[in-house]
Number of protein chains: 2
Amino acid sequence: MENFIYNNPAVLHFGNNISGEIGQTVKKYGDKTLLVYGTGSVKKNGIYDIIVSELNKNSIEFVEYSGIKPNPVIEDVYKMIELGQKENVNSILAVGGGSVIDSSKVVSISLLEDLDPWMVVKGKLKPTVSLPLVTVLTLAATGTEMNAAAVVQNKKTGEKIGFVNPLSYPKHSFLNPEFTFSVPENYTAFGIVDQIAHALEAWFANGDSTLADRFIASIIIESMELAPKVFAEPRNYEYRSKIMLAATCALNGITSLGRKYSGDWGVHDIGHTLSFLYDTPHGASLSIAYPAWLKLQKSRIPDRIKKLGEFIFNEPDIEKFISKLEDFFHSVQSPIRLSEIQIEENELNNIEKLMNKNSVNGLVHKLGSNDYNELINLMK
Amino acid sequence: MENFIYNNPAVLHFGNNISGEIGQTVKKYGDKTLLVYGTGSVKKNGIYDIIVSELNKNSIEFVEYSGIKPNPVIEDVYKMIELGQKENVNSILAVGGGSVIDSSKVVSISLLEDLDPWMVVKGKLKPTVSLPLVTVLTLAATGTEMNAAAVVQNKKTGEKIGFVNPLSYPKHSFLNPEFTFSVPENYTAFGIVDQIAHALEAWFANGDSTLADRFIASIIIESMELAPKVFAEPRNYEYRSKIMLAATCALNGITSLGRKYSGDWGVHDIGHTLSFLYDTPHGASLSIAYPAWLKLQKSRIPDRIKKLGEFIFNEPDIEKFISKLEDFFHSVQSPIRLSEIQIEENELNNIEKLMNKNSVNGLVHKLGSNDYNELINLMK
């Protein structure tokens with residue numbers, strides 16, 4: 001077992017009767033908040049009204065920033081910081097999924113010290129304080145509601161970068177499974193793929209932590225068993241709550257206990273490349289990248305892959321395990337090949353170019369530029 | 001799934017190179033600490049010297065309170081508070097296992113406001129502040145290093161009471177598996193029984209949380225698989241570290257995700273009765289009480305017990321499952337009957353009397369006084 005420090009200060013409020021706690025929680029940090037949300041689904045499904053009523057009830061002034069898209073961009077972060085500074089807000093209330101919360105995290109750790117947020121994302125500037133961040137989750141997927149990580153992209157520099165900073169833990173996160181009832185089937189699927197991919201990344205962090213292995217397998221099996229149920233009954237509270245809890249646990253640190261790294265993250269690197277180039281939904285990029293990565297690595301780390309197959313499918317044969325994983329991704333209608341999302345032969349060069357530019361590698365089982373061609377061929 | 005709030009602010013430092021962080025951590029809270037330890041094993045195994053050197057290195061003054069015994073008593077807590085107040089300490093540094101840390105928790109939440117600690121334990125006085133508590137764990141068992149619970153007994157009133165208060169989370173806990181190398185075989189066993197019992201209590205919290213079920217089973221299976229290895233090689237770092245991590249996870253909240261209660265705790269109630277009367281080690285009391293409780297409950301909650309047997313032993317037959325659990329406890333030389341610890345027929349009345357006095361029941365599958373006689377017969 002490797003030495004580690006574990007701490008997760010976020011307060012998780014989970015359930016269907018928690019909305020009444022949102023306003024008073026935001027109020028703890030002051031009378032004015034920056035309300036952040038995405039492209040408007042919260043207005044259609046009624047969540048926006050609940051939030052505004054909560055803020056009004058607690059006499060909290062708010063300014064709004066909306067329009068954050070999946071695969072969030074740093075341009076929005078700059079504008080949010082400008083607005084928050086001008087309006088002198090005391091907190092950020094992020095209502096949405098990974099993109100809304102991740103963008104808000106960058107704002108949270110850049111605004112008070114007026115740091116260039118892209119330099120913060122790149123690790124070149126080190127924040128020392130953060131503006132309190134409260135989140136209301138509307139999509140089960142990234143786990144960002146209970147961790148200190150975020151991913152943002154910069155169209156100008158051609159980068160999609162993930163970072164971790166302990167200051168960016170949300171203070172409080174509100175998880176009401178009912179708020180995910182209206183998530184469409186494809187994004188429900190991509191969320192499930194994402195949470196499984198987080199658990200898989202943790203598996204490949206390596207290091208001898210058998211309890212972490214068991215937790216990882218628990219999360220993957222739970223997610224796979226629930227997937228068909230959620231699809232069959234998208235408004236079933238039990239199923240939505242279980243998927244939501246599993247997504248949070250897939251990246252809140254418990255899968256990394258006893259290990260130095262939180263994951264390998266090589267597959268996420270590959271996925272970010274696809275999302276950057278083609279705006280591929282994050283989950284879809286991962287269901288394409290993971291099988292290819294496993295096929296590339298199977299001769300390099302056979303024991304680790306074999307043990308994973310045994311844990312989650314009771315399947316000791318590596319080929320059959322990867323094939324079952326592909327079958328699962330397909331069963332939730334998430335693609336496993338580039339051709340399924342209309343990325344054809346003539347694009348493969350561009351993918352390789354960007355992988356080279358961004359030195360896609362991962363933390364543990366590092367990839368080299370000589371792997372990219374094979375990887376892309378395995379994905380195509 | 002039931003609504004819940006989850007937050008665990010404790011910072012866990014885990015590994016074999018963490019001693020250098022102890023002094024600077026205590027220093028964060030001030031220049032003078034109350035150093036608490038047990039009956040002297042830390043002086044024999046060198047841990048005391050490491051701690052004192054750490055305190056000296058960081059110019060931290062300290063006053064000592066030692067002699068805390070297993071099954072800690074409130075009398076020590078009163079004396080610790082008196083000493084801490086007189087010496088005006090800024091923190092508590094608890095070096096030991098459950099009894100040392102639990103006593104220190106009561107001190108931590110009573111000292112500053114000069115509250116009667118027994119009234120705090122009984123929930124009749126509500127603390128609003130706590131003296132910062134830092135722990136150095138020397139025994140894997142209770143999980144107290146990463147939770148807000150403590151158990152203390154009062155010889156005068158005839159009570160052994162557990163309480164939970166969010167103010168009593170340790171600020172930092174240092175877990176060096178090497179510090180448990182010299183724990184004797186019987187206390188290693190009782191620790192393993194204790195951590196398994198915590199996971200079992202969580203299982204019987206009920207409520208539909210399949211992910212929590214999987215985490216619980218993970219911890220039990222991990223602990224059972226490691227037990228014979230730790231006995232065979234008590235100075236094996238990997239084995240000691242894995243048992244230590246499993247003990248922490250058995251009661252740090254992750255087994256209760258999605259549930260209202262952290263556990264049933266009826267078996268702990270029974271065990272506390274035995275410990276109070278006969279100073280039975282906590283773990284030994286639990287390996288006696290759990291099989292009896294399961295036998296009493298098997299017709300009342302057959303499905304839940306059956307699912308547990310399937311999860312941890314792949315054994316759907318309830319009788320066989322309980323028998324396998326007894327075999328496991330025996331395999332680590334922990335008793336499963338009162339007669340094995342020389343509590344004979346003529347004592348059974350006294351046990352029943354105290355169970356009645358303390359209204360032993362549990363939170364979920366409540367016991368009534370009409371159950372006590374049958375329970376005791378199943379334990380004898």
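Residues numbered from 1 in each chain as written. Chains lettered and ligands numbered in written order. Predicted model: local features only at pLDDT ≥ 70, side-chain atom pairs only at ≥ 80, totals over all residues. Heavy atoms only, no water.

Some points on the side chain of S241 of chain B
Position of S241 of chain B relative to the elements: it lies in helix α9 (residues 237-249). Judged by its relative accessible area of 0%, S241 of chain B falls in the buried class. When residues no more than four places from it in sequence are discounted, the contact partners of S241 of chain B are M1 of chain A together with F14 and P177 of chain B. (Helix = DSSP H or I, 4+ residues; strand = E, 2+ residues; numbered from the N terminus. Buried < 20%, exposed > 50% of the residue type's maximum accessible area, 1.4 Å probe, protein only. Contact = heavy atoms within 4.5 Å.)

Overview of the relation of the copies chain A and chain B
The relation between the two copies of this chain is a rotation about an axis and a shift parallel to it. Here chain A sits on chain B after a turn of 180 degrees about the axis and a move of 0.0 Å along it, with an RMSD of 0.0 Å. What the rotation and shift describe, once combined, is the action of a two-fold rotation axis. Among all residues of chain A, the minimum C-alpha distance to the rotation axis is found for P9 of chain A, at 2.4 Å. The fraction of interface residues of chain A whose copies in chain B are also interface residues reaches 100%, indicating that both copies meet through the same surface. (Least-squares fit on C-alpha atoms with pLDDT ≥ 70 in both.)

A short note on the interface of chain A and chain B
Between chain A and chain B, the contact holds 39 residues from the first and 39 residues from the second. Both faces considered, chain A and chain B share a buried interface measuring about 3400 Å² in area, 57% of it formed by carbon and sulfur atoms. Linking chain A with chain B are six salt bridges. Here D208 of chain A ties to K242 of chain B by a salt bridge, and the two come within 2.9 Å at their closest N and O atoms. Taken together, the connections running from chain A to chain B amount to 27 residue pairs in polar contact (both at pLDDT 80 or more). Those elements that place two or more of their residues in the side of chain A that touches chain B are β1 (4-14), α8 (210-232) and α9 (237-249) of chain A. Among the elements that take part in the side of chain A that touches chain B, β1 of chain A stands out by supplying eleven residues, more than any other. (Buried area = accessible area lost by both parts, 1.4 Å probe. Salt bridge = Lys/Arg side-chain N within 4 Å of Asp/Glu carboxyl O. Polar contact = N/O pair within 3.5 Å; in protein donor to acceptor, adjacent residues only side chain to side chain.)

Looking at the pairing of strand β5 (residues 133-137) of chain A
Sheet faces and side chains relate simply in a regular strand, where the side chains alternate between the two faces. Residues and elements named next belong to chain A. Within β5, five of the five residues are buried, which leaves the element mostly enclosed by the surrounding structure. Burial along β5 is two-sided: L133, T135 and L137 facing one way and V134 and V136 facing the other are all buried. As paired strands, strand β4 (residues 91-96) and β5 are joined by five bridges and run parallel to one another. Looking across to β5, one finds that I92 is bridged to L133. Of the strand pairs in this sheet, β5 and strand β8 (residues 172-175) are connected by four bridges, and their pairing is parallel. Bridged to T135 within β8 is S173. (Pairing = 2+ DSSP bridges.)

So, empty space enclosed by the protein
If a probe as big as a water molecule is rolled over the atoms, it shows which places are left empty. Residues and elements named next belong to chain A. One pass over the full model with this rule turns up two cavities of 30 Å³ or more. Roughly 60 Å³ of volume is contained in the largest cavity. Around the largest cavity sit L139, A140, T180, V183, Y187, T188, R240, I243 and M244, which together line it. The set of elements that each furnish at least two residues to the lining of the largest cavity consists of α7 (185-203) and α9. Broken down by element, the lining of the largest cavity gets its largest block of residues, three residues, from α9. (1 Å grid on protein atoms, 1.4 Å probe; cavity = no way out; pocket = protein on both sides within 12 Å on 5 of 7 lines; lining within 4 Å. Points joined across faces, edges and corners; volume = space filled by probe spheres on them.)

Some details on the pattern of salt bridges
Residues and elements named next belong to chain A. The tally for this structure, following the rule as stated, stands at 36 salt bridges over all chains. One salt bridge connects K32 with E61, and the closest N-O pair in it is separated by 3.7 Å. On the criterion of sequence distance, the pair formed by K32 in strand β2 (residues 32-36) and E61 in strand β3 (residues 61-65) is long-range, its members being 29 residues apart. Of the charged contacts, one joins E326 and K295 as a salt bridge, the two residues approaching to 2.8 Å between their closest N and O atoms. A residue pair is termed long-range when its members are at least 10 positions apart, and E326 in helix α13 (residues 318-331) and K295 in helix α11 (residues 282-297) qualify at 31 residues. Look at E326 and you get buried, because its relative accessible area is 10%.

Focus on the packing of α7 of chain A against α8 of chain A
Residue and element names in this part refer to chain A. With their axes 9 Å apart at the nearest point, α7 and α8 run at an angle of 165 degrees to one another. Taken as axis vectors, α7 and α8 run roughly antiparallel relative to one another. Considering only the axes of α7 and α8, their crossing is left-handed. Residue-level contacts link E185, T188, A189, I192, Q195, I196, A199, L200, A202 and W203 of α7 to D213, I216, I219, I220, S223, M224, A227, V230 and F231 of α8. When its residues are assigned to classes, the contact of α7 with α8 shows 14 nonpolar, three polar and two charged. (Axes fitted to C-alpha atoms, helices over the stretch in contact; angles between N-to-C directions. Parallel < 35°, antiparallel > 145°, perpendicular 65-115°, else oblique. Left-handed = near helix turned anticlockwise from the far one by under 90°. Nonpolar A, V, L, I, M, F, W, Y, C, P; charged D, E, K, R; others polar.)

Examining the domain arrangement of chain A
The figure often quoted for interface size is the accessible area lost as the parts come together. Residue and element names in this part refer to chain A. The domain architecture assigned to chain A consists of domain 1 (11-179) and domain 2 (185-379). Here the C-alpha centroids of domain 1 and domain 2 sit 26 Å apart. Tallying the contact residues gives 27 residues for domain 1 and 24 residues for domain 2. Where domain 1 packs against domain 2, one counts zero salt bridges. Counting every contact that joins domain 1 to domain 2 gives seven residue pairs in polar contact (both at pLDDT 80 or more). Per-element accounting of the side of domain 1 that touches domain 2 gives the leading share, three residues, to strand β6 (residues 149-154). Broken down by class, the residue content of the side of domain 1 that touches domain 2 amounts to eleven nonpolar, eleven polar and five charged. (Domains from an automatic or database assignment.)

What about the environment of L245 of chain B?
Tracing the backbone shows L245 of chain B in helix α9. Look at L245 of chain B and you get buried, because its relative accessible area is 0%. For the pair L245 of chain B and G143 of chain B, spaced 102 residues apart in the sequence, the C-alpha separation amounts to 9.2 Å. For L245 of chain B, the residues in contact, after removing those within four places along its chain, are M1, F4, S209, L211, L257 and G258 of chain A together with F14 of chain B.

Here we look at unusual backbone geometry
Residues and elements named next belong to chain B. The phi angle at S59 is positive, at roughly 50 degrees, despite the residue not being glycine. Its location among the elements puts S59 in the loop between α3 (47-57) and β3 (61-65). A relative accessible area of 55% places S59 in the exposed class. Positive phi, normally seen in glycine, also occurs at N206, with a value near 65 degrees. For N206, the location among the structural elements is in the loop between α7 (185-203) and α8 (210-232).

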